[in-house]
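Read off the chains here:
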Amino acid sequence: MAKLSGKPDCCWVADAPKTDFPELVGAQECDAAIVGAGIVGLTTALSLLEAGKAVIVLEARQVGRQVTGRSSAKITAQHSLIYRYLIDTAGHEIALAYAEANRRGVATIREWIETLQIDCDLEPKSAFTYTCDPRTYAGMWVMTV
Ligand SMILES: Cc1cc2nc3c(=O)[nH]c(=O)nc-3n(C[C@H](O)[C@H](O)[C@H](O)COP(=O)(O)OP(=O)(O)OC[C@H]3O[C@@H](n4cnc5c(N)ncnc54)[C@H](O)[C@@H]3O)c2cc1C
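Calculation rules
- Residues numbered from 1 in each chain as written.
- Predicted model: local features only at pLDDT ≥ 70, side-chain atom pairs only at ≥ 80, totals over all residues.
- Heavy atoms only, no water.
- Pairing = 2+ DSSP bridges.
- Helix = DSSP H or I, 4+ residues; strand = E, 2+ residues; numbered from the N terminus.
- Right-handed = clockwise from strand over helix to strand, strands pointing away.
- Near = heavy atom within 4 Å.
- Polar contact = N/O pair within 3.5 Å; in protein donor to acceptor, adjacent residues only side chain to side chain.
- Areas by Shrake-Rupley, 256 points an atom, 1.4 Å probe, with all protein chains shown as cover.
- Nonpolar A, V, L, I, M, F, W, Y, C, P; charged D, E, K, R; others polar.

The protein is annotated in an unreviewed UniProt entry as FAD-binding oxidoreductase of Microvirga tunisiensis.

Below you can see the structure in the form of structure tokens.
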């Protein structure tokens, strides 16, 4: 079982070593400058790097310590009743496109964890959406990733 640090902070970031990347000095050339080194900025940066682009990531604080570092750390294509909502408001095609984009996102993160050997204790688990209100039960999608 994981041992918690006892520090009054989120367990993911409480023990993580601080990053000390150099300050940006002077003018630099790149294809894309990304502001923010959370999961969104870093995912974008890595995708652009894989496409052969030169990327600079600008972070005002610490890498991965803001919302990303304080999330539940769950990677999933299932988000509550989003598919019910999308089918009702935008139709099956859009709901399927959203599901496919989510599945691809999950697959890409898994691939990066493997190929970059990221030591993050990723564990595959089943995911369930359930309700305590039978009125919202009809038509619910339950997916596992
Ligand atoms: C409690 C909680 C639990 C969650 N659980 C999950 C989960 O289990 N699974 C999931 O997929 N999502 C989860 N989410 C949502 C997810 O965490 C966020 O959608 C995601 O982390 C946002 O990432 P981000 O890169 O946009 O933001 P951040 O991680 O906040 O990164 C933005 C970065 O930009 C930097 N920045 C901002 N302005 C500037 C500037 N002007 N110059 C330089 N740098 C700047 C900040 O310092 C920060 O580091 C959760 C969210 C919360 C609040």
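Draft legend 1. Region of interest: the pairing of strand β2 (residues 55–58). Where strand β1 (residues 32–35) lies against β2, 4 bridges are found, and the strand directions are parallel. Of the residues in β2, the one forming a bridge with Ala33 is Ile56. Chirality of the crossover, the property in question, places the unit of β1, helix α2 (residues 39–50) and β2 among those that are right-handed.

Draft legend 2. Geometry of the site of the ligand. Residues in contact with the ligand amount to 19 residues; listed here are only the nearest, Glu59, Gln66, Thr68, Ser72 and Lys74. In this structure, Ala73 approaches the ligand through a main-chain N or O atom, which is 3.3 Å from an oxygen atom. Protein contacts shield 57% of the accessible area of the ligand, which totals 1000 Å² for the unbound molecule. Looking at the shell around the ligand residue by residue, the class counts come to 8 nonpolar, 7 polar and 4 charged.

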